[in-house]
There are 2 protein chains.
Amino acid sequence: MKLLEERILKDGNILGDNILKVDIFLTHQVDFQLMQEIGQVFADSYAQAGITKVVTIEASGIAPAIYSAQALNVPMIFAKKHKNITMTEGILTAEVYSFTKQVTSTVSIASKFLSKDDKVLIIDDFLANGQAAKGLIEIITQAGSQVVGVGIVIEKSFQDGRQVLEDMGVQVTSLARIKNFENGQLNFMEADA
Amino acid sequence: MKLLEERILKDGNILGDNILKVDIFLTHQVDFQLMQEIGQVFADSYAQAGITKVVTIEASGIAPAIYSAQALNVPMIFAKKHKNITMTEGILTAEVYSFTKQVTSTVSIASKFLSKDDKVLIIDDFLANGQAAKGLIEIITQAGSQVVGVGIVIEKSFQDGRQVLEDMGVQVTSLARIKNFENGQLNFMEADA
C-alpha cells in the first residue's frame, strides 16, 4: 500500500536496531482517514472470502480492525489482554509470549462470539514474531471457526512471524513489509496489497 | 440517544447490583454502525466548539472515539494504561484508581501530541466513578490544552463520576444515563444528547 509506505517514511521513527515507532498515526495518535483507507484495502483483498467476523487484539489493532469490519459489513471483536470482572462466561484463551516485553500474557475471547459457521479475518497493527496472531488463531480454531487470513498493517519481514503463521496454513496480507533497517534507513520489500 | 438506550435494553446484561455488561456491541464485540452513529452525535454536540483533538483511553473507548474524531475531522489519541518500550520521550502521566479492579494504574500520553492551542473532547465508553476521565483531564491540563467536554457512551448516574468531572469545570455529555437497577430492571434518566 503505497500511501502507507509513504506515511511510514514521512512519520515513522527508527529506534535502535529493529524498532519502528509510528505513534503519530497508528499506535498512539490515530489518523482516521488512513485507517479508513487501510480498512478498505483489507476488505478488497478478502471481498470474495465470505468473511463473517473481524478479530483483533487490544489496543492498537482496534482502529484498523473497526474500519475493516465496516468495509466488510461485519462485527469486529477485540481480544482482551487482561482479565475483566464482567467476563464470567465461557472464555477461550491462549498464552502469548511477548519478545519485546518478555512476559507471557493470556489473551481471551468470549466463546459466544465465535461459531462453527464463522469465517474470520484477523487484523493487527504489527507482525514481528507472530505470537499475538498465533494466539488469536489458536482461540478462533478452538471455537471451530475458520481463520481465512491475517491482515497486517506493518510487517517486520526480517523477523519470523510471517513464517509462523504460514506454517499454520493461514494466508498473510501485509500492507507494508519492512525488509531491514540499514544505517537508520528503512527498506521495504514488495507488499501484499 | 434513543437508539443506544434501545440497544442497551435489548442486548445489555445486568450482573449483580451495579454492573452492566454490553460486550455484544461495545466492550468486546463492537457494532461499527452504532459506533458511527454515536460518533456523529458527539460531533454534533460539539460542532461549534472548535475541537482540535479527540482523546480516549485504551481499549473500549477507541471505537467510539475514532468515529467521533472522523465526524469532527480531527486526530484521535488514545492514552496508554501500560508502559511501552517505544515511549521514550516526554510523557505526561496521571494516577488512576479503578474501584472495580482495586488497583492504581498510571495513564500516559506523549506530550508532543498536545499543545496550548488544542481544544480537546474526551470520549469514553463508561462513566462510573470518573477516575479515568479525571486522569485524562489532569494530563490534558498539564499540557496546557483545554478540555472542552467529556463525551460518555453510558453513564451510571447513581455513581458520582459526573459530579467529579463537573466539579473540575468540565461539561459532561452522556448518551445514555442509567438511574438505577431495580429488581434486574434498568431505568434510564434523561440523556444529554
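Calculation criteria
- Residues numbered from 1 in each chain as written.
- Chains lettered and ligands numbered in written order.
- Predicted model: local features only at pLDDT ≥ 70, side-chain atom pairs only at ≥ 80, totals over all residues.
- Heavy atoms only, no water.
- Salt bridge = Lys/Arg side-chain N within 4 Å of Asp/Glu carboxyl O.
- Helix = DSSP H or I, 4+ residues; strand = E, 2+ residues; numbered from the N terminus.
- Buried < 20%, exposed > 50% of the residue type's maximum accessible area, 1.4 Å probe, protein only.
- Contact = heavy atoms within 4.5 Å.
- Buried area = accessible area lost by both parts, 1.4 Å probe.
- Nonpolar A, V, L, I, M, F, W, Y, C, P; charged D, E, K, R; others polar.
- Expected span 1.5 Å × (residues − 1).
- Pairing = 2+ DSSP bridges.
- Polar contact = N/O pair within 3.5 Å; in protein donor to acceptor, adjacent residues only side chain to side chain.
- UniProt positions renumbered as here; feature names shortened; annotations may be inferred.
- Axes fitted to C-alpha atoms, helices over the stretch in contact; angles between N-to-C directions.
- Least-squares fit on C-alpha atoms with pLDDT ≥ 70 in both.

1. Focus on the pattern of salt bridges
Argument step 1. Considering all chains together, one arrives at 22 salt bridges over all chains under this definition.
Argument step 2. Across the salt bridge formed by Asp 31 of chain A and Arg 7 of chain A, the nearest N and O atoms sit 2.8 Å from each other. Of this pair, Asp 31 of chain A sits in the loop between strand E3 (29–30) and helix H2 (32–45) while Arg 7 of chain A sits in helix H1 (residues 2–11), and the two are 24 residues apart along the sequence.
Argument step 3. Among the salt bridges present, the one from Arg 162 of chain B reaches Glu 155 of chain B, with a minimum N-O distance of 2.6 Å.
Argument step 4. A relative accessible area of 1% means that Glu 155 of chain B is categorised as buried.
Argument step 5. Put simply, Glu 155, Arg 162, Glu 166, Arg 177 and Asp 192 of chain A are held in one network by salt bridges that share partners.

2. Observations concerning the interface of chain B and chain A
Argument step 1. In this complex, chain B contributes 44 residues to the contact, which on the side of chain A involves 44 residues.
Argument step 2. Of the roughly 3,500 Å² buried between chain B and chain A, counting both surfaces, carbon and sulfur atoms make up 62%.
Argument step 3. Of all residues in chain B, His 28, Gln 29 and Phe 32 of chain B bury the most surface against chain A, accounting for 20% of the area lost on that side.
Argument step 4. Put simply, Asp 23 of chain B and Lys 112 of chain A hold a salt bridge, and the shortest N to O gap is 3.1 Å.
Argument step 5. Those elements that place two or more of their residues in the side of chain B that touches chain A are strand E2 (19–21), strand E3 (29–30), helix H2 (32–45), helix H3 (62–72), strand E5 (76–79) and strand E7 (103–110) of chain B.
Argument step 6. Residue composition of the side of chain B that touches chain A, grouped by class: 23 nonpolar, 12 polar and nine charged.

3. Thoughts on helix H4 (residues 131–142) of chain B
Every α-helix winds through 3.6 residues per turn, so residues three or four apart in the chain are directed the same way.
Argument step 1. Helix length check: H4 of chain B (12 residues) gives 16 Å between terminal C-alpha atoms against 16 Å at 1.5 Å per residue, within 8%.
Argument step 2. Two residues or fewer after H4 of chain B comes Gly 144 of chain B, characterised by a positive phi angle close to 85°.

4. So, the pairing of strand E6 (residues 91–98) of chain A
Residue and element names in this part refer to chain A.
Argument step 1. Of the two faces of E6, the one holding Leu 92, Ala 94, Val 96 and Ser 98 is buried and the one holding Ile 91, Thr 93, Glu 95 and Tyr 97 is not buried anywhere.
Argument step 2. Bridging between E6 and strand E7 (residues 103–110) involves eight bridges; their strand directions are antiparallel. When the sheet's bridge partners are listed, Val 96 is paired in E7 with Ser 105.
Argument step 3. The antiparallel pairing of E6 with E7 creates a hairpin that spans four residues between the two strands, and Gln 102 there sits at a positive phi of about 55°.

5. Topic: the side chain of Arg 7 of chain B
Argument step 1. Among the polar contacts listed, one links the side chain of Arg 7 of chain B to the side chain of Asp 31 of chain B, at a separation of 2.7 Å.
Argument step 2. When residues no more than four places from it in sequence are discounted, the contact partners of Arg 7 of chain B are Gly 12, Phe 25, Asp 31 and Leu 34 of chain B.

6. Concerning the UniProt feature "binding site: 5-phospho-alpha-D-ribose 1-diphosphate" (unreviewed entry) in chain A
Residues and elements named next belong to chain A.
Argument step 1. The positions UniProt marks with the feature "binding site: 5-phospho-alpha-D-ribose 1-diphosphate" (unreviewed entry) are Ala 128, Asn 129, Gly 130, Gln 131 and Ala 132.
Argument step 2. The residue Ala 128 is located in the loop between strand E8 (119–127) and helix H4 (131–142) in this model.
Argument step 3. On the secondary structure map, Gly 130 appears in the loop between E8 and H4.
Argument step 4. Residue classification places Gly 130 among the buried residues on the basis of a relative accessible area of 6%.
Argument step 5. When sequence neighbours within four positions are dropped, the list of residues in contact with Gly 130 reads Gly 161 and Leu 165.

7. Some points on the sheet that holds strand E11 (residues 185–189) of chain A
Strand pairing in a sheet relies on backbone hydrogen bonds, with the paired strands running either antiparallel or parallel.
Argument step 1. Overall, mixed pairing links the seven strands, which are arranged E11(A)-E10(A)-E9(A)-E8(A)-E4(A)-E5(A)-E3(B) in an open sheet. The outermost strands of the open sheet, each flanked by one partner alone, are E11 of chain A together with E3 of chain B.
Argument step 2. The strands touched by H1 of chain A within the sheet are strand E9 (146–156), strand E10 (171–182) and E11 of chain A, with E11 of chain A carrying the most contacts at an inclination of about 170°.
Argument step 3. Strand contacts of H4 of chain A: strand E4 (53–57), strand E5 (76–79), E8 and E9 of chain A, with the helix running at about 165° to E8 of chain A, the strand carrying the most contacts.

8. Concerning the sheet that holds strand E11 (residues 185–189) of chain B
Argument step 1. Strand order across the open sheet formed by seven strands is E3(A)-E5(B)-E4(B)-E8(B)-E9(B)-E10(B)-E11(B), with mixed pairing between neighbours. Each edge of the open sheet is held by one strand with a lone partner, namely E3 of chain A together with E11 of chain B.
Argument step 2. Pairing of strand E9 (residues 146–156) of chain B with strand E10 (residues 171–182) of chain B involves seven bridges; the strand directions are parallel. The residue bridging Gly 149 of chain B from the neighbouring strand is Gln 171 of chain B, located in E10 of chain B.

9. Quick notes on the relation of the copies chain B and chain A
The two chain copies are related to each other by a rotation about an axis together with a translation along it.
Argument step 1. Once turned by 180° and shifted 0.0 Å along the axis, chain B lies on chain A with an RMSD of 0.0 Å. The transformation just described matches what one would write down for a two-fold rotation axis. When C-alpha distances to the rotation axis are compared across chain B, the minimum falls at Ala 59 of chain B, with a value of 2.7 Å.
Argument step 2. Both copies share a contact surface, since 100% of the interface residues of chain B are interface residues in chain A too.

10. Notes on the environment of Asp 23 of chain B
Argument step 1. Counting through the fold element by element, Asp 23 of chain B comes out in the loop between E2 and E3.
Argument step 2. According to the relative accessible area criterion, Asp 23 of chain B is buried, its value standing at 6%.
Argument step 3. Expressed as a C-alpha distance, the spacing of Asp 23 of chain B and Val 74 of chain B, which sit 51 residues apart in the sequence, is 27 Å.
Argument step 4. Within the structure, the side chain of Asp 23 of chain B is placed 3.1 Å from the side chain of Lys 112 of chain A, a separation counted as a polar contact.

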